[in-house]
2 protein chains.
Amino acid sequence: MASKSPSSHPTLNEAESATRERILLEAARLFRHHGYAATTLREIADAAHIKAGSIYYHFASKEEILGDVLDKGIQAVSDAVRERIEALPAGASFRDRIAAGIEGHLWGLLHNGDFTSANIRIYGQIPTSAKNRHRVVRRAYADLWDRLFEGAMASGELRSDSSAGVIRLFVLGALNWTVEWYNPQRGSFQDFSRQLTEIVFNGVLARETA
Amino acid sequence: MASKSPSSHPTLNEAESATRERILLEAARLFRHHGYAATTLREIADAAHIKAGSIYYHFASKEEILGDVLDKGIQAVSDAVRERIEALPAGASFRDRIAAGIEGHLWGLLHNGDFTSANIRIYGQIPTSAKNRHRVVRRAYADLWDRLFEGAMASGELRSDSSAGVIRLFVLGALNWTVEWYNPQRGSFQDFSRQLTEIVFNGVLARETA
DNA sequence: GTCTATACACCGATAGAC
DNA sequence: GTCTATCGGTGTATAGAC
């Protein structure tokens, strides 16, 4: 469903060369920690164990590297979410589908930290041209969540004193920021995911009835 | 309580010149939208209607501008939170104090968007030296919230199946991200703040009992 | 497919006139 | 307190050998 990286270079299909993949991996890491503008092609090349000029065999520009890094981040999260939702039984409630989506989102986010954090940290700062090219990918993913929350709102499973749009922005923002502070040494991913789902669903206050 | 901007230039006290303030305002806006490294002193100077060389009369370096922008962001939020909490009656519950803190945090955050968003967007990308200098200010603000959530945990007002630390990181992360999507044209600030407090306290699901 | 060498532009910062 | 002029360093990108 939908092709993966439309910006490949000379050859035909999407089998990425090892070097190209190494460039993207190191670029994502450097973009995440230093920002897009502050990261130089020389640094990326050093980290990928090639010389700066060689990058231009694999990419047409620094901005093309950026585009691929951003796309990969969204793709990883989107794939994980869809996979988990599709694994549910046909008549699953919106509550269960949202729970599956939260776990998938967190899994994709936290297991591809350099690509997803680069996305979150630098999207607001990249050139307009890059933002325009990338916007459609982000919009498609946001639509997926809008459908979940709007469905839950219509079925009465969601609180109705906020719009589905506000709830989506709030929940996804909260989840996304975990990539900045999640510490895998403080417990299992499963446990972390369950805690966050509980807080999102029922809030931080102690339940009065229970 | 505690002095405000320790990095002033030649004169004695904290009365900032209009030019200095204009530089900080434009720098915050540019840092927010383009990042720290991508923003040039020439751009800041243009926006402040002076020439690039003149900046060095007011600041010793680009990094000093950055430090002041970051400090101002935290200060604005911290002031708004403390003000609202101190206005509560003496024996107020932790629930009420956290609610007041959330409103203050959102108010300070959204009414100083360029300074606070600069903080959120670029803190992970700035030079280590700037991060070290700034860390103490952030830590002091985080401590304020840790005391609130740990008190609420001890008094039984907070859910106990997550640590107070995880709850603080989750809640503040969720609130902070609103600066990326809050739209004042979609309703009053008071209404927005109430909706978010409700979601943080009780979650996004419809209540079963009620 | 990777290298060396380099073109051309622009950066942060400084010096010194006014 | 702001200006002009400029230094030394470094950025992306390209050309062409291997």
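Calculation criteria
Residues numbered from 1 in each chain as written. Chains lettered and ligands numbered in written order. Predicted model: local features only at pLDDT ≥ 70, side-chain atom pairs only at ≥ 80, totals over all residues. Heavy atoms only, no water. 1 Å grid on protein atoms, 1.4 Å probe; cavity = no way out; pocket = protein on both sides within 12 Å on 5 of 7 lines; lining within 4 Å. Points joined across faces, edges and corners; volume = space filled by probe spheres on them. Helix = DSSP H or I, 4+ residues; strand = E, 2+ residues; numbered from the N terminus. Nonpolar A, V, L, I, M, F, W, Y, C, P; charged D, E, K, R; others polar. Near = heavy atom within 4 Å. Polar contact = N/O pair within 3.5 Å; in protein donor to acceptor, adjacent residues only side chain to side chain. Least-squares fit on C-alpha atoms with pLDDT ≥ 70 in both. Contact = heavy atoms within 4.5 Å.

The next point concerns the layout of surface pockets. Unfilled space is identified by rolling a water-sized probe across the atoms. In this model, the second largest pocket occupies a volume close to 870 Å³. W177 of chain A together with Y123, R138, L169 and N176 of chain B are the residues nearest the centre of the second largest pocket, which is lined by 28 residues in total. Those elements giving two or more residues to the lining of the second largest pocket turn out to be α6 (113-122) of chain A together with α4 (62-86), α5 (94-110), α6 (113-122), α7 (128-154) and α8 (164-177) of chain B. Classifying every residue of the lining of the second largest pocket gives 13 nonpolar, seven polar and eight charged.

With that settled, consider unusual backbone geometry. Look at H49 of chain A: it is not a glycine, yet its phi comes out positive at around 60 degrees. Here H49 of chain A lies in the loop between α2 (41-47) and α3 (55-58).

Before going further, it helps to spend a moment on the protein's contact with DNA strand D. Taken together, 15 residues are adjacent to DNA strand D, and R42 and Y56 of chain A together with K51, Y57 and H58 of chain B come closest. Contact between DNA strand D and R42 of chain A: a base nitrogen at 3.0 Å from a side-chain N or O atom of the residue. Separating a phosphate oxygen of DNA strand D from a side-chain N or O atom of T19 of chain B is a distance of 3.3 Å. Among the secondary structure elements, those contributing two or more residues to the surface near DNA strand D are α2 of chain A together with α3 (55-58) of chain B. The class makeup of the residues in the surface near DNA strand D is four nonpolar, seven polar and four charged.

Turning our eyes to something else, we now look at the protein's contact with DNA strand C. Around DNA strand C sit 14 residues, and of these K51, S54, Y57 and H58 of chain A together with Y56 of chain B come closest. Taken together, the sugar and phosphate atoms account for 66% of what DNA strand C places within 4 Å of the protein. At 2.4 Å, a side-chain N or O of Y57 of chain A approaches a phosphate oxygen of DNA strand C. Y56 of chain B is positioned such that a nitrogen or oxygen atom in its side chain is 2.5 Å from a phosphate oxygen of DNA strand C. For the surface near DNA strand C, the per-class residue count stands at four nonpolar, seven polar and three charged.

Relative to chain B, chain A is turned by 180 degrees and slid 0.0 Å along the rotation axis, the superposed coordinates differing by an RMSD of 0.0 Å. Taken together, the rotation and translation describe the operation of a two-fold axis. Interface overlap between copies: 100% of the residues of chain A at the interface are likewise at the interface in chain B, consistent with a symmetric, same-surface contact.

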